[in-house]
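The chain contents come next:
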Amino acid sequence: RRSLTVRASSEPINPNIKKDVDKVVDTVFPKDLDGKPQAVYCRCWRSATFPLCNGAHVKHNQATGDNVGPLIIKASD
Ligand code: FES
């Protein structure tokens, strides 16, 4: 049996993206890849192309031991 532990932290998870706004909200229109609409969203807050993933999570995970990855949105068949 696993239990979920929520860790409170005073550290922001967003290190530097759009710090001049109160809340970061983005709208992305999926691009057509391989014949199907697809969008890959960053969830690590390290992407230089935020809100889209640019692979920066790999370096972040290696440096911190974290395991974050993107959210991939695909059209259903
Ligand atoms: Fe943030 Fe890929 S760059 S999840």
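Report on the accompanying structure. It should be emphasised that the depicted structure is a prediction, and the values quoted were computed from it without experimental measurement.

**Observations concerning helix H1 (residues 56-64)**
So, step 1. What H1 keeps buried is the set His-57, His-60 and Asn-61. Down the axis of H1, the buried side of the element spans an arc of 100 degrees, and every buried residue falls inside it. Facing away from the buried side of H1 by more than 90 degrees, the exposed set consists of Lys-59, Gln-62 and Ala-63.

**Digging into the pairing of strand S2 (residues 36-41)**
So, step 1. Here strand S1 (residues 31-33) runs beside S2; their pairing, made up of three bridges, is antiparallel. Its bridge partner being in S2, Lys-31 is matched across the sheet by Gln-38.
So, step 2. The hairpin turn running from S1 into S2, its antiparallel successor, is two residues long, and Asp-34 in that turn takes a positive phi close to 55 degrees.
So, step 3. Of the pairings in the sheet, the one linking S2 to strand S3 (residues 71-74) comprises four bridges and is antiparallel in character. Within the sheet, the bridge partner assigned to Ala-39 lies in S3 and is Ile-73.

**Re the packing of aromatic side chains**
So, step 1. Taken as a whole and judged by the stated rule, the model has one aromatic pair.
So, step 2. On the numbers, 4.7 Å between centres and 20 degrees between planes, the contact of Trp-45 with Phe-50 is stacked. Take Trp-45 and Phe-50: they sit in the same class, and that class is buried.

Definitions and cut-offs
- In this numbering scheme, every chain counts its residues from 1 along its sequence in written order.
- With the structure being a predicted model, the display of local features is reserved for residues of pLDDT at least 70 and the display and counting of side-chain atom pairs for 80 or more, all residues being used for whole-chain, interface and lining totals.
- To get the side-chain values, take all heavy atoms of the structure and skip hydrogens and water.
- Under the scheme applied here, a residue whose accessible area is under 20% of the maximum for its type counts as buried, over 50% as exposed, and between as partly exposed, the area being computed with a 1.4 Å probe on protein chains only.
- Think of it this way: any DSSP run of H or I at least four residues long counts as a helix, any run of E at least two long counts as a strand, and we number them from the N terminus.
- The arc in question is the one traced by the directions running from the helix axis out to the C-beta atoms.
- Paired strands are those between which DSSP finds at least two bridges.
- Each Phe, Tyr or Trp ring (for Trp, its six-membered ring) is paired with any other whose centre lies within 6.5 Å, and the angle between the two planes then decides the class: stacked below 30 degrees, edge-to-face above 60, tilted in between.

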